[in-house]
Protein chains: 2
Amino acid sequence: MSSTAITIPTISDIRSAAARIRPYAHRTPVMTCHSLDARVGAQVFLKCENFQKVGAFKFRGACNAVFSLSDEQASRGVATHSSGNHAQALALAARLRGIPAYIVMPSNAPAVKRAAVAGYGGVITLCEPTLAAREATLAQVVAETGAAVVHPYNDVRVIAGQGTATLELLEDVSDLDVILAPVGGGGLLSGTALAAKSIAPQMRVIAGEPAGADDAFRSLAAGQILPSAAPNTIADGLLTSLGSLTFPIIQQHVEQIVTVSEEAIIAAMKFMWERAKLVVEPSGVVPVAVLWQGRLDLRGLRVGVILSGGNVDMERLPWQREAQP
Amino acid sequence: MSSTAITIPTISDIRSAAARIRPYAHRTPVMTCHSLDARVGAQVFLKCENFQKVGAFKFRGACNAVFSLSDEQASRGVATHSSGNHAQALALAARLRGIPAYIVMPSNAPAVKRAAVAGYGGVITLCEPTLAAREATLAQVVAETGAAVVHPYNDVRVIAGQGTATLELLEDVSDLDVILAPVGGGGLLSGTALAAKSIAPQMRVIAGEPAGADDAFRSLAAGQILPSAAPNTIADGLLTSLGSLTFPIIQQHVEQIVTVSEEAIIAAMKFMWERAKLVVEPSGVVPVAVLWQGRLDLRGLRVGVILSGGNVDMERLPWQREAQP
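Residues numbered from 1 in each chain as written. Chains lettered and ligands numbered in written order. Predicted model: local features only at pLDDT ≥ 70, side-chain atom pairs only at ≥ 80, totals over all residues. Heavy atoms only, no water.

Asks: I tried to follow the overall build of chain A on my own but got confused; where do I start?
Replies: Along chain A, the regular secondary structure elements total 14 helices and 10 strands. With the C-alpha coordinates of chain A rotated into their principal frame, the extents come out at 55 × 50 × 40 Å. In chain A, which comprises 325 residues, the proportion classed as buried is 57%. Counting contacts in chain A only where the partners sit at least 6 residues apart, residues at least 24 apart contribute 72% of the total. Only carbon and sulfur atoms are counted for the fraction: they give 51% of the accessible area of chain A, which is about 12,500 Å². Here chain A holds 27 positive side-chain charges and 27 negative ones, and the gap between their average locations is 4 Å. (Helix = DSSP H or I, 4+ residues; strand = E, 2+ residues; numbered from the N terminus. Buried < 20%, exposed > 50% of the residue type's maximum accessible area, 1.4 Å probe, protein only. Contact = heavy atoms within 4.5 Å. Areas by Shrake-Rupley, 256 points an atom, 1.4 Å probe, with all protein chains shown as cover. Lys, Arg positive; Asp, Glu negative; His and termini not counted. Charge placed at Lys NZ, Arg CZ, Asp CG, Glu CD.)

Asks: Looking at this structure, how should I read the packing of helix α3 (residues 58-68) of chain B against helix α5 (residues 85-97) of chain B?
Replies: Two quantities define a packed helix pair, namely the angle between the helix axes and the distance between the axes. All names here are of chain B. Interhelical geometry of α3 versus α5 gives an angle of 40° and a closest axis separation of 8 Å. By the angle class used here, α3 and α5 are oblique. The two elements α3 and α5 meet at a crossing, and its hand is right-handed. Where α3 abuts α5, its residues K58, F59, A62, C63, V66, F67 and S68 lie against N85, H86, A89, L90, L92, A93, A94, L96 and R97. (Axes fitted to C-alpha atoms, helices over the stretch in contact; angles between N-to-C directions. Parallel < 35°, antiparallel > 145°, perpendicular 65-115°, else oblique. Left-handed = near helix turned anticlockwise from the far one by under 90°.)

Asks: Sorry if this is basic, but what is going on with helix α1 (residues 11-21) of chain B here?
Replies: Note on helix geometry: an α-helix contains 3.6 residues per turn, so any two residues three or four positions apart are oriented the same way. I14(B), A17(B), A18(B) and I21(B) are the residues of α1(B) that are buried. Taken end-on, α1(B) shows its buried residues confined to a sector of 100°, consistent with a single buried face. (Arc of directions from axis to C-beta.)

Asks: What should I look at first to understand the domain arrangement of chain A in this one?
Replies: In many analyses, interface size is given as the accessible surface area lost on bringing the parts together. All names here are of chain A. Looking at the assigned domains, one finds that chain A contains domain 1 (11-56 + 156-323) and domain 2 (59-149). Summarising the inter-unit geometry, the C-alpha centres of domain 1 and domain 2 are found 24 Å apart. Every contact between the two is made by 24 residues of domain 1 and, on the other side, 17 residues of domain 2. Between domain 1 and domain 2, the buried area comes to about 1,700 Å², and carbon and sulfur atoms account for 58% of it. The largest per-residue losses of area from domain 1 upon contact with domain 2 belong to Y24, V54 and R157, which jointly make up 42% of the total buried on that side. In this structure, the connection of domain 1 to domain 2 is made through two salt bridges. With its nearest N and O atoms 2.7 Å apart, the salt bridge here joins E49 to R60. (Domains from an automatic or database assignment. Buried area = accessible area lost by both parts, 1.4 Å probe. Salt bridge = Lys/Arg side-chain N within 4 Å of Asp/Glu carboxyl O.)

Asks: I keep staring at the packing of aromatic side chains and nothing clicks. Help me out?
Replies: Aromatic rings in a pair are described by how distant their centres are and how their planes are angled relative to each other. Counted under the stated rule, the structure contains seven aromatic pairs over all chains. Ring plane angle 15° and centroid distance 4.2 Å describe the contact between Y24(A) and F67(A), whose orientation is recorded as stacked. Note that Y24(A) is positioned in the loop between α1 (11-21) and β1 (30-31) and F67(A) in helix α3 (residues 58-68), a separation of 43 residues in sequence. Members of the aromatic cluster, each reached through a chain of ring pairs, are W273(A), W319(A), W273(B) and W319(B). Between R39(A) and the ring centre of W292(A), over which it is positioned, the NZ or CZ distance is 3.9 Å. (Phe/Tyr/Trp six-rings, centres within 6.5 Å; stacked < 30°, edge-to-face > 60°. Lys NZ or Arg CZ within 6 Å of the ring centre and 35° of its normal.)

Asks: How should I be thinking about the pattern of salt bridges in this particular structure?
Replies: Think of it this way: side chains of opposite charge can pair up when their charged atoms draw near. Residue and element names in this part refer to chain A. Per the counting criterion, the structure on display carries 24 salt bridges over all chains. Taking the shortest distance from any N to any O, the salt bridge between R157 and D155 comes out at 2.6 Å. Note on R157: relative accessible area 24%, which makes it partly exposed. Overlapping salt bridges, with partners in common, bring together K47, E49, R60 and E168 in one network.

Asks: What exactly am I supposed to notice about the relation of the copies chain A and chain B here?
Replies: Mapping between the two chain copies consists of a rotation about an axis together with a translation along that axis. Mapping chain A onto chain B calls for a screw motion: a turn of 180° about the axis and a shift of 0.0 Å along it, with 0.0 Å RMSD after fitting. A rotation of that kind, with that shift, is consistent with a two-fold axis. Considering only C-alpha atoms, the part of chain A nearest the rotation axis is L278(A), at 2.7 Å. Comparing interface residues between copies, 100% of those in chain A also sit at the interface in chain B, which points to an isologous, same-surface contact. (Least-squares fit on C-alpha atoms with pLDDT ≥ 70 in both.)

Asks: Is there a simple way to explain the nonpolar core in this structure?
Replies: Inside soluble globular proteins, nonpolar side chains tend to come together where they are buried. Judged by nonpolar contacts, the single largest core of 88 residues is most densely connected at M272(A), W273(A), L278(A), M272(B), W273(B) and L278(B). Considering each element in turn, this core owes the most residues, nine residues, to helix α12 (residues 262-276) of chain B. Those residues within four positions of W273(B) in sequence are excluded, and the remaining contacts are W273(A), V279(A), M314(A), L278(B), V279(B), V280(B), V312(B), M314(B), L317(B) and W319(B). (Core = buried A, V, L, I, M, F, W, Y, C linked by side-chain atoms within 4.5 Å.)

Asks: What am I meant to see in unusual backbone geometry here?
Replies: Residue and element names in this part refer to chain A. At V54, a position not held by glycine, the phi torsion is positive, near 55°. Note on placement: V54 falls in the loop between β2 (43-48) and α3. We classify V54 as buried; its relative accessible area is 9%.

Asks: Even after reading the chapter, I still don't get helix α11 (residues 246-253) of chain A, so can you show me in this structure?
Replies: Residues and elements named next belong to chain A. Every buried residue belonging to α11 is among T246, F247, I249, I250 and H253, and all of these are buried. Viewed along the axis of α11, the buried residues span an arc of 165°, placing them on a single side of the element. In this structure, the buried side of α11 is in contact with α8 (156-172), α9 (187-199), β8 (204-210), α10 (215-222) and β9 (256-260).

Asks: Got a minute to help me understand the state of the cysteines in this structure?
Replies: Any covalent bond linking the sulfur atoms of two cysteines counts as a disulfide. Evaluation of the coordinates by the stated rule reveals zero disulfides over all chains. No disulfide involves C63(A); its sulfur sits 19 Å from that of C33(B), the nearest cysteine. (Disulfide = S-S within 2.5 Å.)

Asks: What is the right way to look at the pairing of β2(A) in this model?
Replies: Two faces belong to every sheet, and in a regular strand the side chains alternate between them. Residues and elements named next belong to chain A. The buried fraction of β2 amounts to five of the six residues, a majority that puts the element mostly inside the structure. Pairing between β1 and β2: two bridges, direction antiparallel. Among the inter-strand pairings, V30 is bridged to a residue of β2, identified as K47. Relative to strand β10 (residues 302-307), β2 is paired through six bridges, and the arrangement is parallel. Counterpart to K47 in the pairing with β10 is I306. (Pairing = 2+ DSSP bridges.)

Given below as structure tokens:
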């Protein structure tokens, strides 16, 4: 962490992001599911970011970051290290602006993820699968290219971009009592909380987090960032820990972080596929798992849920892996 | 077949059906998928009946039939024999009208399907798993109760109800060149064709049919109904053969029936889940499989597709059954 003042995005930044990404991002639908409402006893409004470009909300933040660059900055391209949805999102956003995206990926990243990034035109540099190697390789790429680094969550432009999902949700659905989002590095949750609290200060913002990667839960309790040492969950988009920028926003605006079990994630995911007919990835159903567990009483309320993404390996579904010892 | 004149539903019947079912049925969304468009070279508009009540278009026809009954007829309930989506659809429609639904099901119907019908309040009578036993048992139930039989497809009210999906699609999307639907008994295809041809006579109506259950393809070629003797396909909603009412409608209004392989059905289904993030059942992706196979040249056209349903056993996905010999 540096000693410079931390910049927090405002609702005005989120509105600017919405205007900036509008030509490129999908305005995703808000869906409802009677079976889900009956099961959890609330009126649930699902903001379907599984239908977003690249299959996840990550495109919003990456797109806002890429199109926030000056022409001069942009001409040298953008760079990040990621093996997940952010890598694909940044590659696509860069292609849409016509600039290069340099993506540092660990050598053990699945072939399907490498192919997806390459498919969006990303220039991939492989490195050893350690955080130190990833950071060193990224620094080298930046030194060689002059590319602008776009961090997956600890970046004001990215947080503002992620907040646009909530902006749209609140335009489409009035009088929400609560909004739920998953938390990993906290980019989506920060953007969600800033948008919700600016527009409707009385709205409660609650996050779902896998018990096996509960750094946000522990960090909020301790009042300081406590990263997860060895996070383990099928919600592989939520393995990362809070950043210096996302932690204070979450501290200020998020009422509660609720941890969920792997069993609840799998049950909620299967239910969403079977009954809501929506392909949502494990990370994306974590807020649904919060409702599913029933330990938080939201009965009778109007609840917004950010379904963050839908990228799933169809050959390895969690309820089937369970059945095959 | 009887010698009485066959009644064909008109666009006016379909519009009446739309008004009749509006308080009960979902107006399902029309979705698009860039990856699909790129793959098939057409602009594809997906009418998502997987999001319909009970997870399939069948609710439209059943609901129209149930709410077309006079109070006096309705008081004695409705009846059918079915182990599929029609059974659930009729049970739910009857419950919404507050009348009994008597459902004859073969004794070998999966427990999950029995539970679904019972969950909607259907009164189930089990019988031997032969067509003769099903018809005899239904006749007995009707004799005892006076219930009105609602056939899954060979029924004017049902056909008019199924046509409402196309009515909505054409309200939402203009200038379609072609509309594609799957064909089993022909209720959905008849309703689709009648609605499309009445509203836009130049629009081409094309059906997809599994090669393993190709009675409609053969019947159209022969000019007479040639039922399938031993149909075999994973598209289990399309095992039935055309009826006396649906055949002439299809003969008159459908340009072509295209058969698709099991491989094309599975590939199209997996693609829809992976890329469109939509849970669609094998029967529902048969029109997508038509595009997928590429034997029919629809490149550059605006193509409407009825995604007929999304009821899938998540424990038994076809691409995984393949991998497990």
